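So the chains spell out like this:
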Amino acid sequence: MTERLALPKDIERVLLDEETIQRRVRELADQISADYADVGEIVLVGVLKGAFIFLADLARRLTIPHHVDFIALSSYNRGAVSTGAVRLIMDTRAPVTGQHVLIVEDIIDTGYTLDYLVRTFRARRPASLRTCVLLSKPERREVDVRVDYLGFEIPDVWVVGYGLDYADKYRTLPYIAALKREVYAT
Ligand code: PRP
């Protein structure tokens, strides 16, 4: 309850507290470590900006050899509306051909971004390709795309914290919280 007292003014309520997130991240890391135990090394491709905190915590819990790369995208989501168009801002530093690639995302909403990523990386002929996403809003899905490792399903509310933003604010909150509707509703 002390957390609630300290909430920033735009925050409605905490959906996932720090302990709940960290427990789930540990479980995902254990699962991934077990699934990839025999493949040698994997490459985690974090999707900027939103995935940077999730990726950092997840990677540090892995017990298998791995390296980290990043890709930056922007979906043309303005307000609560997605146009489905995705723009590549920055590509990975190293080529992924022949590598075991795990795409790490903070959230899947309509699915357009993850669908774009999967199609893009598949074309680069990795040894394998899977997806790891912390949050999913199933009600919002417009494109059917496979999520191999999922943290939590959440309702269709605007969430911030743990990497997720509203107008680039609130990304470094340690919990995931719902924004007050009047902040983003037009
Ligand atoms: C968010 C999020 C995903 C995408 C999901 O990115 O990080 O990449 O939207 O939405 P979709 O399933 O409807 O495609 P955003 O464009 O907000 O950029 P950011 O990660 O830099 O905040």
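Residues numbered from 1 in each chain as written. Predicted model: local features only at pLDDT ≥ 70, side-chain atom pairs only at ≥ 80, totals over all residues. Heavy atoms only, no water.

J.: When you look at the pattern of salt bridges in this model, what are you seeing that I'm missing?
T.: A side chain of one charge can pair with a side chain of the opposite charge if their charged atoms are brought near each other. Counted according to the given criterion, the structure contains 13 salt bridges. With a shortest N-O distance of 2.7 Å, Glu-27 and Arg-24 are connected by a salt bridge. Of the two residues, Glu-27 and Arg-24 both sit in helix α2 (residues 18-35), 3 residues apart, roughly one turn of that helix. The exposure class of Arg-24 is partly exposed, given its relative accessible area of 23%. For the salt bridge of Arg-171 with Asp-168, the shortest nitrogen-to-oxygen distance reads 2.8 Å. (Salt bridge = Lys/Arg side-chain N within 4 Å of Asp/Glu carboxyl O. Helix = DSSP H or I, 4+ residues; strand = E, 2+ residues; numbered from the N terminus. Buried < 20%, exposed > 50% of the residue type's maximum accessible area, 1.4 Å probe, protein only.)

J.: It is not clear to me how the packing of aromatic side chains should be interpreted in this structure. Could you clarify?
T.: What describes a pair of aromatic rings is the distance from one ring centre to the other and the angle between the planes of the rings. If you walk through the whole model with that rule in mind, you get 2 aromatic pairs. Centroid distance Trp-158 to Tyr-166: 5.3 Å. Interplanar angle 80°. Geometry classified as edge-to-face. Pairing Trp-158 with Tyr-184 gives two aromatic rings, centres 5.2 Å apart and planes at 45°, and the pair type is tilted. Here Tyr-184 lies in helix α5 (residues 181-184) and Trp-158 lies in the loop between β7 (149-153) and β8 (159-160), a separation of 26 residues in the sequence. Judged by its relative accessible area of 21%, Trp-158 is partly exposed. An aromatic cluster of at least three residues, connected via ring pairs, comprises Trp-158, Tyr-166 and Tyr-184. Against the face of Phe-121 rests Arg-124, its NZ or CZ located 5.1 Å from the ring centre. Note that Arg-130 overlies the ring of Tyr-36, its terminal NZ or CZ placed 5.2 Å from the centroid. (Phe/Tyr/Trp six-rings, centres within 6.5 Å; stacked < 30°, edge-to-face > 60°. Lys NZ or Arg CZ within 6 Å of the ring centre and 35° of its normal.)

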